[in-house]
Amino acid sequence: MAEKLKEQGSLGFLEAAVKISHTSPDIPAEVQMSMKDHILRRTRIQRQTTEPASSTRHISFKRHLNRQMHVSSVDYGNDSLNEREQPTCIGRIKPELYKQKSIDSEDTKKDDVKTCGKINFTLKYDYENEMLIVQILKAFDLPAKDFCGSSDPYVKIYLLPDRKRKFQTRVHRKTLNPTFDETFNFPVPYEELTTRKLHLSVYDFDRFSRHDMIGEVILENLFEASDLSRETSIWKDIQYATTESVDLGEIMFSLCYLPTAGRLTLTVIKCRNLKAMDITGYSDPYVKVSLLCDGRRLKKKKTTIKKNTLNPTYNEAIIFDIPPESMDQVSLLISVMDYDRVGHNEIIGVCRVGNNAEGLGRDHWNEMLAYPRKPIAHWHPLVEAKKTLKEWQGRTASFDSQGSCPSPKPPATP
């Protein structure tokens, strides 16, 4: 009975389909009969393919598969389809929650960078006299440093890495929006501009105590806005700072690891623009490399001393024997030291490479592991040393009690 109803329905559908419109002529009877036979055969094939008889062997296999895989999302019956149409709160993805989270994370990143107003200046290069012309125009929305709710701002200008030559604007009394309009000239060859940085430090003048630092601006790329052939106006956010950021210099070294021999070779190539540590305006630098395991110093080696220079060249190799299974637990601390014949040697700056290092130090380490037996060289900026000798000794004692690494010798005074 059901099949007859379906056949009648399909015939009715055919009659409705073959009529193009009320005004168009009917399709010939021979074509209609052939189309009827075609649709009837197609409906029988669809019934046979869409409604197969499930054997007990397939049903048992489905149950066995569901039990073995513990997959609750694999559905085989009509009941599961109905349940899927009624989503519940458990296990339901809510895109709005993820969107809100990303917005919150962006807000926290913005809050981490604290600004202290803006500063406007211009840059231009004088090709005839080989001078960089810096004009400090004005500052806007500076924070109040005095009790009266105002400040007495002025600006110091450096062209790093040279800190011997500096300029300073006049002090503007009791204002948070000063207009300086002062011009300063830095003699520098055009070829060196790519290695120079413009450093602006904004201070609050205090007659009876130390001047308070409001913030600073460091322009890493002098060609950021133009090629300096014409005067270019630049606005920059003043970043919060309590002390001037000191450029300690950079060090270039290469890393090479031989997995079969378990040998790590660090080749100290050279340094540039080191901070002057002596009264003469120079330093006596050497490089000390420490092998660390879980924060403890296991071994240390150092290069020769280069006298009276801020740009030493070494090309000296330092070798450590490290098995491949220990490469994830070790790191290297590279310290650039200033030798002093009288007194203690001073640390100019440090950098660190290893699996647990940050930024370039981690990337350099991973690149070395990705290309074994090949020296990989990079420049690394030096940063201030945060760990003192007492902190190293304290960490050594704590790790000795845990016994995670072989006990190292106590660190000696550099």
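Position numbers for residues start from 1 in each chain and track the written sequence from start to end. Only residues with pLDDT of 70 or above have their local features reported here, since the model is predicted, and side-chain atom pairs are shown and tallied only from 80 upward, although totals for entire chains, interfaces and linings are computed over all residues. The side-chain figures draw on all heavy atoms in the structure; neither hydrogens nor water molecules are used.

> Please set out the overall build of the protein chain residue by residue, giving values where relevant.
Counting its secondary structure elements, the protein chain contains seven helices and 16 strands. Each accessible area is a Shrake-Rupley result for a 1.4 Å probe, and residues are judged covered by the shown protein chains and nothing else. With an accessible surface of roughly 26700 Å², the protein chain has 52% of that area assigned to carbon and sulfur atoms. Only runs of H or I of at least four residues qualify as helices and only runs of E of at least two qualify as strands under DSSP, and these elements are numbered from the N terminus.

> I'd like a description of the sheet that holds strand 6 (residues 197-204), backed by residues and values.
At least two bridges found by DSSP between two strands is the condition for calling them paired. As summarised here, the arrangement of the eight strands in space is 4-3-6-7-8-1-2-5, forming an open sheet in which the pairing is antiparallel. Each having just a single partner strand, strand 4 (162-168) and strand 5 (179-187) make up the two edges of the open sheet. Shown here is a sheet whose adjacent strand axes are inclined to one another by a mean of 30°, direction ignored. Every axis corresponds to a line fitted to the C-alpha atoms, with the helix fit spanning only the stretch in contact, and the corresponding angles, defined between N-to-C directions, vary from 0 to 180 degrees.

> Explain unusual backbone geometry to me, using residue names and the numbers behind them.
For Asn273, which is not glycine, the phi torsion reads 55° and is therefore positive. Turning to its location among the elements, Asn273 is positioned in the loop between strand 10 (263-272) and strand 11 (285-293). A residue is classified by how much of its surface remains accessible, and Asn273, at 27% relative accessible area, is partly exposed. Positive phi, normally seen in glycine, also occurs at Asn315, with a value near 55°. Relative to the elements of secondary structure, Asn315 occurs in strand 13 (residues 313-321). Only protein chains enter the calculation, and the probe is 1.4 Å; a residue is then buried if its accessible area is under 20% of its type maximum, exposed if over 50%, and partly exposed in between.

> Any chance you could break down helix 6 (residues 360-370) for me, citing the residues and the numbers?
Of all the residues in helix 6, the buried ones are Gly361, His364, Trp365 and Met368. Relative to the axis of helix 6, the buried residues are bounded by an arc of 100° and lie together on one face. In this structure, the buried side of helix 6 is in contact with strand 9 (250-258), strand 10, strand 14 (330-338), strand 15 (346-354) and strand 16 (376-381). As used here, the arc is the angular range of directions from the helix axis to the C-beta atoms. Throughout, a contact is declared for two residues whenever any of their heavy atoms are within 4.5 Å.

> Tell me about the nonpolar core, residues and numbers included.
Put simply, a nonpolar core is a bunch of buried Ala, Val, Leu, Ile, Met, Phe, Trp, Tyr and Cys residues held in one set by side-chain atoms that sit within 4.5 Å of each other. Membership of the largest hydrophobic core comes to 30 residues, with the highest contact counts inside it found for Ile251, Val287, Leu332, Ile334 and Trp365. Aside from chain neighbours lying at most four places away, what touches Ile251 is Val268, Lys270, Cys271, Val287, Ile334, Val336, Cys351, His378, Trp379, His380 and Leu382. Residues Ala139, Ile214, Ile234 and Ile238 belong to the second largest nonpolar core, which totals 28 residues.

> Give a description of the environment of Arg163 that names residues and reports values.
Mapped onto the elements, Arg163 comes out in strand 4. Arg163 gets classed as partly exposed once you look at its relative accessible area, which sits at 25%. Separated by 83 residues in sequence, Arg163 and Val246 have C-alpha atoms that sit 9.2 Å apart.

> Account for the sheet that holds strand 14, with residues named and values stated.
The four strands are arranged 12-11-14-15 in an open sheet whose pairing can be described as antiparallel. Of all the strands in the sheet, just strand 12 (296-302) and strand 15 have a single pairing partner and so form its edges. Across the sheet, the mean angle from the axis of one strand to that of its neighbour is 25°, orientation sign disregarded. Bridge analysis of strand 11 against strand 14 gives nine bridges, and the strand direction is antiparallel. From the neighbouring strand, Leu291 faces strand 14, where its bridge partner is Leu332.

> Give a description of the state of the cysteines that names residues and reports values.
Cysteine pairs can be linked by a disulfide, which is a covalent bond between their two sulfur atoms. Note on disulfides: each one is a pair of cysteine sulfur atoms within 2.5 Å. For the coordinates displayed, the defined rule picks out zero disulfides. Unpaired in this structure, Cys271 has its nearest cysteine sulfur neighbour in Cys351, at a distance of 9.0 Å. Its relative accessible area of 2% is what places Cys271 among the buried residues.

> Go over the confidence of the model for the protein chain, please, and point to the residues and values.
Across the protein chain, the average pLDDT comes to 75, with 65% of residues at 70 or higher. pLDDT under 50 marks residues 18-25. Its contacts with residues more than four places away, or in other chains, come to three contacts. A low-confidence stretch, residues 54-91 (pLDDT under 50), is modelled with eight contacts involving residues beyond four sequence positions or located in other chains. The predictor reports its confidence for every residue as pLDDT, a score running from 0 up to 100.

> Just give me the short version of the side chain of Gln135, but keep the residues and values in it.
Within the element layout of this structure, Gln135 appears in strand 2 (residues 131-140). Polar contact is the term for a pair of N or O atoms within 3.5 Å; when the atoms are in protein, one must be able to donate a hydrogen and the other to accept it, and sequence-neighboring residues count only if both atoms are side-chain atoms. There is a polar contact of 2.8 Å between the side chain of Gln135 and the side chain of Asp181. Apart from the residues within four sequence positions on either side, Gln135 is in contact with Asn120, Phe121, Thr122, Asp181, Glu182, Thr183 and Glu231.

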